[in-house]
Amino acid sequence: MRKFVLLPIVALERSDQGQFMEIMSEPTRLGSIDLEALNHYGFDEAISIVKAVLKRLNYAPKSAKLYPTGYFSNLNNPKCINLGLLLACFLQESACDYQKIIVTGHLDSYDATLSVLTTDYLEAKVK
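Within each chain, residues carry numbers counting from 1 in the order of the written sequence. Only residues with pLDDT of 70 or above have their local features reported here, since the model is predicted, and side-chain atom pairs are shown and tallied only from 80 upward, although totals for entire chains, interfaces and linings are computed over all residues. Values reported for side chains reflect all heavy atoms of the structure, with hydrogen atoms and water molecules removed beforehand.

Caption draft 1: Focus on the overall build of the chain. Helix and strand labels come from DSSP, where a helix needs a run of H or I of at least four residues and a strand needs a run of E of at least two; each type is numbered from the N terminus. Across its full length, the chain carries 3 helices and 7 strands. For the chain, the sequential pattern of α-helices and β-strands runs β-β-β-α-β-α-β-β-β-α. The proportion of buried residues among the 127 residues of the chain is 46%. Residue-level accessible areas treat just the shown protein chains as cover; the underlying method is Shrake-Rupley with a 1.4 Å probe. Carbon and sulfur atoms form 53% of the exposed surface of the chain, whose accessible area is close to 7,500 Å². Throughout this description, buried means an accessible area under 20% of the type-specific maximum (1.4 Å probe, protein chains only), exposed means over 50%, and partly exposed covers the range between.

This is the structure:
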């Protein structure tokens, strides 16, 4: 089943206040997390962080293929993308009953406990 993570963003080239970027998670038979479809969206740093965090966890998701459902450039909140991609990796787990989630924080990947912090300008991004 396809599942989705919504990330409130403000794209710098647009004049409107904000919108949601949607990341789709699909089940895969490969038995791993496939982030390749995200490589051409400027998420290189976020992908590296998510891969590093997945290695640090004692439990890693079995499989998922992640895609963005639209095109976005010049995003102002790459921190929020880290948490969104990480959660999208776990959406295909059997214990996850959710089909859509909205990420309203960001992952502190430098903290040993992997804390989730509040995001900046959330009201403007959701407005």
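Caption draft 2: Summary view of the side chain of S25. Looking at the element boundaries, S25 is found in strand 2 (residues 19-26). Taking the relative accessible area as the measure of exposure, S25 reaches 0% and is therefore buried. Beyond its immediate chain neighbours, meaning those up to four positions away, S25 contacts M1, R2, K3, A64, K65, L66, A88, L91 and Q92. Contacts were defined at the residue level, with two residues in contact if any of their heavy atoms lie within 4.5 Å.

Caption draft 3: The sheet that holds strand 1 (residues 3-9), seen in detail. One bridge is not enough; two strands pair if DSSP finds at least two bridges between them. With respect to topology, 5 strands assemble into an open sheet ordered 3-4-2-1-5, the strand pairing being mixed. Each having just a single partner strand, strand 3 (33-34) and strand 5 (100-102) make up the two edges of the open sheet. Note that strand 1 and strand 5 share 3 bridges and pair parallel. Directly across from V5, in strand 5, lies its bridge partner I101.

Caption draft 4: Expanded view of the pattern of salt bridges. In the sections that follow, a salt bridge refers to a side-chain nitrogen of Lys or Arg positioned within 4 Å of a carboxyl oxygen of Asp or Glu. With the rule as written, the count across this model stands at 4 salt bridges. One salt bridge in this structure joins E22 and K100, with 4.0 Å as the shortest N-O distance. Within this pair, whereas E22 is found in strand 2, its partner K100 is found in strand 5, the two being separated by 78 residues in sequence. Overall, E22 belongs to the buried group, its relative accessible area being 19%. The shortest N-O distance in the salt bridge between E93 and K62 comes to 3.7 Å. Residue E93 is located in the loop between helix 2 (78-90) and strand 5, and its partner K62 is located in the loop between helix 1 (44-56) and strand 4 (64-68); the two are separated by 31 residues in the primary sequence.

Caption draft 5: Fine view of the packing of aromatic side chains. Working definition: a ring pair exists when centres of Phe, Tyr or Trp rings (six-membered ring for Trp) sit within 6.5 Å. Plane angles under 30 degrees give stacked, over 60 give edge-to-face, the rest tilted. Enumeration according to the criterion identifies 0 aromatic pairs in this entry. In this arrangement the basic side chain of K100 is found over the ring face of F4, its NZ or CZ atom lying 5.5 Å from the centre. Definition used: whenever NZ (Lys) or CZ (Arg) falls within 6 Å of the ring centre and also within 35 degrees of the ring normal, the charge is taken to sit over that ring.

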